[in-house]
Every structure is written in C-alpha cells, then in structure tokens.
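# Descriptive structure summary
These are the residues of each chain, in order.
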Amino acid sequence: MSLLNRLYETYNRCLENELVDNCKGIDSETVLLPLFHTNKRSNGNDIIEITINEDSEFIDAQYLPKDSWIIFPITEDSLTRSSGPAPHPLCDSFKYLSKLDEKNHQDYLGVLEGWYEYSINNNPCRELLIIRNYMNKSSVMGNIMSSIYHGKNPVLEKYKLTYYEEKNGKEDKIVVDLEKTFITFKLELEKTITVTKCVKLHQNYEAYQREMLKNKEQSICDISNKLQYCTSKHRSLLGTSKMIGTSNNKWTYYGRFKDGNEVICIGYETSQKIHNMLKYLMDNPKTNRFIGENSYLINWFSDDIGNEENLNILDEYDINTSTKIASNFILGESNQLCENNQYYVLILDKISNGRISVKYFRELSKSDLYERVTYWYQTMSWSAYSYEVKGFIEKAFPLYRLTELTYGTENSGKMICNSKLKKSTIERLLPCIIDQKPFPRDIKRKMVENASHRMSYKNNWNNILSAACALIKKCNADYGNPNHEEVSIMLDKQNLDRSYLYGRLLAVAEKVERDTYGDNESRLTNAERLWSVFTRRPATTWMLLEEKLMPYYGKLSKTKKGGYYKKLVSEIINELEPMADNNKKLNENFVLGYYHQRKDFYTKKEIQTNEEECTDELIKQKN
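Procedures and definitions
- In this numbering scheme, every chain counts its residues from 1 along its sequence in written order.
- In view of the model being predicted, local features appear only for residues whose pLDDT reaches at least 70, and side-chain atom pairs are presented and counted only at 80 or more, with totals across whole chains, interfaces and linings using the full set of residues.
- To get the side-chain values, all heavy atoms of the structure are used, and hydrogens and water are removed first.
- Think of it this way: any DSSP run of H or I at least four residues long counts as a helix, any run of E at least two long counts as a strand, and we number them from the N terminus.
- Only protein chains enter the accessibility calculation, which uses a 1.4 Å probe; a residue whose area is less than 20% of its type maximum is buried, one above 50% is exposed, and one in between is partly exposed.
- In this description, contact between two residues means that some pair of their heavy atoms is separated by no more than 4.5 Å.
- For accessible areas, the Shrake-Rupley method is used with a probe of radius 1.4 Å. Any residue's cover is judged against the shown protein chains and nothing else.
- Strand pairing requires that DSSP identify at least two bridges connecting the strands.
- For this analysis, a ring pair means two rings from Phe, Tyr or Trp (six-membered ring only for Trp) whose centres lie within 6.5 Å, classed as stacked if their planes differ by under 30 degrees, edge-to-face if by over 60, and tilted for the remaining angles.
- Each ring is checked for a lysine NZ or an arginine CZ that lies within 6 Å of its centre and within 35 degrees of its normal; such an atom marks a charge sitting over the ring.
- Among buried residues, those of type Ala, Val, Leu, Ile, Met, Phe, Trp, Tyr and Cys that are joined through side-chain atoms within 4.5 Å constitute a nonpolar core.
- Throughout, an axis means a line fitted to C-alpha atoms (over the contacting stretch in the case of helices), and angles, computed between N-to-C directions, take values from 0 to 180 degrees.
- Note on terminology: pairs of cysteine sulfur atoms within 2.5 Å are recorded as disulfides.
- Salt bridge, as used here, is a side-chain nitrogen of Lys or Arg placed within 4 Å of a carboxyl oxygen of Asp or Glu.
- In predicted models, pLDDT denotes the confidence assigned by the predictor to each residue on a 0 to 100 scale.

## Some thoughts on the overall build of the chain
- Within the chain, the regular secondary structure consists of 21 helices and 22 strands.
- Residue burial in the chain is summarised as follows: out of 623 residues, 51% are buried.
- Across the chain, every contact between residues at least 6 apart in sequence was considered, and the portion connecting residues at least 24 apart equals 66%.
- Looking at the chain as shown, the accessible area adds up to about 31,100 Å², and 45% of this sits on carbon and sulfur atoms.

See the structure below:
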C-alpha cells in the first residue's frame, strides 16, 4: 500500500507543478501522461499519421519514423482490451478506423460521437470537431492507398496488403498487416498540431471522462480516501503484465472474500495516476535501470521526479557526469546529496505474462540516503589502476561488475555471467546499500577463490584481485575483525600474519622476474603460473620458486635492484621462520599481502634511497 500511496502522491505533486503532459519535447524526453491517455512508440512501419486541414479534408499520410512517440486517449475498456471489441475514442488501429470491419468501425464511431456530443454541449474543441467530421465523411483506407501505396498496385485481402517492390534488379514481395497498423492524426491549421501535442484536446477528453465517471457507482478509494468510481481494470506495464489485478479463479478468495474486488478498492482516476506515474518512471532512462531477467530497478526523489538534479560527484569516484543515484550504486559512483525530502527505490520483476511482482521498496530521507551511501563507499572503495589517469584511484566497484567478477567466466576477454544469477545477486546487494545490511560473506569467499585461480582469468584477473581486496575490507567493516583494525590499501610492514607475509613474498618473486623482461616481453612469470598451487602449499612451492629465481637474480646483480629484492625476501622469510605449519593452505590475507606489496612496488616514490641502503649493507657484509 505504501508504494501505491507514494506513486499517487507523486503524480499529484507533478500536477501541482505543471509537470504532466509536457509533450513539446516528446521525441527526446519522457512525458508524464495525462489522465485517461496512453502512449505508443513507432517501430518505423506500424504507425501511420494522417494529415488533414481545417475543413476535414485529407492532405497526406505517412509512416512515423522509428522511435517516434504518440499520445492518445483511451477508455476503461480499451486500456485493458484483449480479444473483444473495445475501441479507443480517437486514434486506433485499422481494425476500428477503416470500414473493413463494419461492426468495429461503428463501435469506434459510437465512442467518438459520445465524446463529441459532450464537447459540443459543454466545452467545444475545434480539433476534435475536425477529426470527427473527417472520420464521418472520408475513407481512411482509400486515402492511405492513394497516398502511401500510390503506384504500387497493392492487393488487399482482408487486412493483408501485398505489393511488389524492385530492389537490386529483383522484385521483392512486401506484405503489410494493416490490422495491427495504428493511425493518428495531424492537423494543418494556423499552426500544425498533432493529437500527441494538442494539450487542449487532452484536457477536453479528461473533462469528458470525469463527467462520465460521475454517473457510475461511487465508493471510497483505499488509496485517495475519496469517493470515486472504483475499478478492477488496471493497466498493464510490461507487455500484458499488471502490478494490480484480480484472479479469475474463484478459489483464490475462498474463505476470506467473495471476489477480488473486496481485497482492495481503487478508484479509476486514482489507478490512472498510480500507473501513469509508474509508467513514466519505467520509461524514463534516468529513473529506470534494467537489471536482467525482466527485472527493473526504479528510483526517484520527492523533489526531483525525473532525477535531474546535478549531484556533486566526489573527484575520486568521478566518471564524468551522472544524475542517477540508483544507477550510481550500480555504476560504482559516489554522490553528495542534499538532506531534504524523500528518496524512493523499488525493484519490479515480471514473474509471468500476467503479473508483476514488487520485490523491494524503500522510502528514506535524503539525509539517511547520504549517510548510507557514504558508508557503502567508505567501506567498499579500493585502489585500482585507471587507464584514463594512468595511475591508481580509489573507487567502489559497480554492482554489475562486481557480480560479473564473482560469478562470471572469462570468454574472449569478457566476463560472461548468467543473467538470472546476475539479477538475483544485484537484488541481494542493493539492501547492503539502502538498508546497510552486512555484505554477504559467500560472495566475498567466491571472489577470493577466483583470485586464487589466476590462470583462469587472463584479462580480468587484476580487477578480480582488487575486488577481492575490496570485499575483504567491506566484510571486516560490516562484521568486525578480531583486532578491530580497518583494512588499509597501503602496505602494512607490521602485519605478521602468515598468509599476509606469503602474499608479499609471491609479489616480490613476480617483480624480480618481471624486471628482467624486455619492453615488448609479456610472458607469464613463474610466480603467476604457480599462483594457485602457492595458495594451497606455500612452503614447498616457495622452495621451487627460489630455484627458478636464481637466473633472474643473476641478471639483476649488475643493478641495485637485485640486492634490494634479496634483502626484502630475507626480511619476510625471517618473520616466517618461527611459525609452524608453514605449508598449510593460505587464507584471504594472502590476497591482501600480495596486492599491498605489488602496489608498493608500482607506487610512484623515491625508492632509490632504499636500494642504496641495501647496496651499502651488502658491501659491509662482504668486507
């Protein structure tokens, strides 16, 4: 109920601020539909626009370009029609506007005439009169044939229109299904106006519908608490799937209700406001994000319905511009938010061809949102290499990317993840941000396991390594660690954990070999190839690595680096020697140790001082 109330209140707020039916920019912006109207997008060959003049005479007809939107009025029955006749009152398909099916055409004219009679007697609308007169005296089929298909010699069989078109010296057979072709209108008056952009026409129809609803039985609406005509016919949102609907199976309500109408009573106008608002949020790319498998994440602000406010992105998380707070969770960007008003987020899932499930809905103040988002990024941010700035930056991994790195398999350099698994994982992780729930430990364990199988991820392993470190940091923050210490992104030379030290040791072994490579040499080092076995049997694997490193130490003996690396290895091994069971399997701290030591090597700093100190010490030892 809280979701329905918030959608209803949001639409009313839009009405107060004149945000409804702003159709001038419909080709580039999402329009919040007026009451008792719907919209349709052209695929390039399914919507015909008929142009007529002020005398209701035909001028031209043409298909609307692909991705063009139209707005047109609907009735309670036509909005939810399936197989039975239920014409829209103005714009509709050939099935109703042409005379190929006389019964359907007469039904259409009857609905149009009812609106026209109200308009003439109460609120005359010139645009409605022109279209009504055209429909009464003209042949839609004849006009379209003489315009669009002129000279093509089409053959019409029921609703199937067949003609031949020459392409590359050959005649191609073209078949058009007119039954599903939609028709709208454009009027050449003092200014050209279309049904889509004629707000006066929309308002006239709204007034007509409200007048008609007064004559129907009234009840108290459970959402608006107003006396209204209540309906059980609610619009679909994803194909034929509905968020609100009643079951046709009488046993569904047995023992509690007589029928589905007793479960909830929603006014027809209230239903229009709720569904038009939700439809806008779903159609608007700034408030809607597809997360896979017919599941959508939708979010909006009480003071910024279209989510247009210019959020200040912190520099270290900046990926240029973004105005979508929920998408920022998914894109891995951090934002500064003002502290007034409310934020809403929900997940809709199309569970069948007839039903939509609300899987998640939360409402919280912007100040709470800011605190929770800030906590998420503080505990999830990790240093990762950026090719844009050519250096390390701190950022939180996107939820999409995090899911792919955890459960995906590498294929042609890309991480491919099962769409159902990706969707369910994102649904699990969103409450970690919004509700501050602890991060799932099983996801962290899986990521650390992936990091241990280095050879399985040729192109994505470095990202997996950084993500594993970030998740270790996150879980330590959420669940706490025995020492109550925050995981740092910098090398901790005071950390004497066995796994951490072995991680550092492997990073040194990799760097020793890597420093002997030429500029164009990119083969794997021995340390990289032995990564997986090293995590399981570190002591015996290190003995093998030491032997393989001897030739590379020899190549580095003429430089200061060789002595520096030998000294560093000795320091780490000295910390390991007193420990027992050094050949046991390593824990997640191995990943941190490796990352910290490797990052320490590649961080810009003056390392020459360390190398010189190392060289001087070796000279003293020889003397």
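## Quick look at the pairing of strand 3 (residues 58–63)
- Bridge count between strand 2 (residues 47–53) and strand 3: five bridges; the pairing is antiparallel. Note that in strand 3 the partner of Thr-51 across the bridge is Asp-60.
- The turn linking strand 2 back onto strand 3 is made up of four residues, and Ser-56 within it adopts a positive phi angle of 65°.

## Considering the packing of aromatic side chains
- If you walk through the whole model with that rule in mind, you get 21 aromatic pairs.
- Ring centres of Tyr-565 and Phe-601 lie 5.8 Å apart, and the angle between their planes is 85°; on these two criteria the pair is classed as edge-to-face. Here the residue Tyr-565 occupies a position in helix 19 (residues 560–576), and Phe-601 occupies one in helix 20 (residues 589–602), the gap between them amounting to 36 residues.
- The buried category is assigned to Phe-601, whose relative accessible area is 13%.
- Grouped by ring-pair contacts, the aromatic residues Trp-461, Tyr-502, Trp-531, Phe-534, Phe-590 and Tyr-594 constitute a single cluster.
- Across from the ring centre of Phe-601, 5.7 Å away, lies the NZ or CZ of Lys-511, which sits over that ring.

## A short note on the nonpolar core
- Counting 81 residues, the largest nonpolar core has Ile-50, Met-135, Ile-144, Phe-185 and Trp-300 as the members making the most contacts within it.
- The greatest single-element share of this core, amounting to seven residues, is contributed by helix 8 (residues 268–283).
- Those residues in contact with Phe-185, other than ones at most four positions away along the chain, are Glu-49, Ile-50, Leu-90, Cys-91, Leu-97, Ile-131, Tyr-134, Met-135, Thr-194 and Val-195.
- In this structure, Leu-405, Val-569, Ile-572 and Val-591 belong to the second largest nonpolar core, which totals 80 residues.

## With respect to the sheet that holds strand 8 (residues 170–177)
- Strand order in the open sheet formed by three strands is 6-7-8, with antiparallel pairing between adjacent strands. Strands with a single pairing partner mark the edges of an open sheet, and in this sheet they are strand 6 (155–157) and strand 8. Across the sheet, the axes of successive neighbouring strands diverge by a mean angle of 30°, strand direction being ignored.
- Where strand 6 and strand 7 (residues 160–167) come together, three bridges link them in antiparallel fashion. Its bridge partner being in strand 7, Glu-157 is matched across the sheet by Lys-160.

## What about unusual backbone geometry?
- In this structure, Ser-56 takes a positive phi of about 65° despite not being glycine.
- Assignment of secondary structure puts Ser-56 in the loop between strand 2 and strand 3.
- Phi at Asp-67 takes a positive value of approximately 75°, unusual for a residue other than glycine.

## Overview of helix 11 (residues 399–407)
- Helix 11 sits mainly inside the fold: seven of its nine residues count as buried.
- Along helix 11, the residues that are buried comprise Leu-399, Tyr-400, Leu-402, Thr-403, Glu-404, Leu-405 and Thr-406.

## Overview of the state of the cysteines
- For the structure shown, the criterion picks out zero disulfides.
- Cys-125 provides the cysteine sulfur closest to Cys-198, a residue in no disulfide bond, and the two sulfurs are 5.7 Å apart.
- Free cysteine: Cys-432, not disulfide-bonded; nearest cysteine sulfur from Cys-475 at 8.9 Å.
- Look at Cys-432 and you get buried, because its relative accessible area is 3%.

## Regarding the pattern of salt bridges
- Considering all chains together, one arrives at 34 salt bridges under this definition.
- Glu-206 is the partner of Arg-210 in a salt bridge, and the nearest nitrogen-oxygen pair spans 3.7 Å. With Arg-210 and Glu-206 both in helix 7 (residues 199–213) and four residues apart, this pair spans about one turn of that helix.
- The class of Arg-210 is partly exposed, set by a relative accessible area of 33%.
- What emerges from the salt-bridge pattern is a single network uniting Glu-206, Arg-210, Glu-269 and Lys-273.

## Observations concerning the confidence of the model for the chain
- Summarising the model, the chain shows a mean pLDDT of 85, and 87% of its residues fall at 70 or more.
- Of the regions scoring below 50 in pLDDT, residues 310–339 engages in 84 contacts with residues more than four places distant in sequence or in other chains.
- Every residue in residues 606–623 is under pLDDT 50, and counting partners more than four places away or in other chains gives 12 contacts.

## Observations concerning the environment of Asp-304
- With respect to the secondary-structure elements, Asp-304 resides in the loop between strand 14 (295–301) and strand 15 (312–313).
- With relative accessibility at 11%, the residue Asp-304 sits in the buried group.
- Between the C-alpha atom of Asp-304 and that of Asn-341, which follows or precedes it by 37 residues, the distance is 9.4 Å.

## Describing the side chain of Thr-162
- Relative to the elements of secondary structure, Thr-162 occurs in strand 7.
- Classification of Thr-162 as buried rests on a relative accessible area of 19%.
- Every residue in contact with Thr-162, bar those within four places of it in the chain, is listed here: Asn-153, Pro-154, Val-155, Lys-173, Ile-174 and Val-175.

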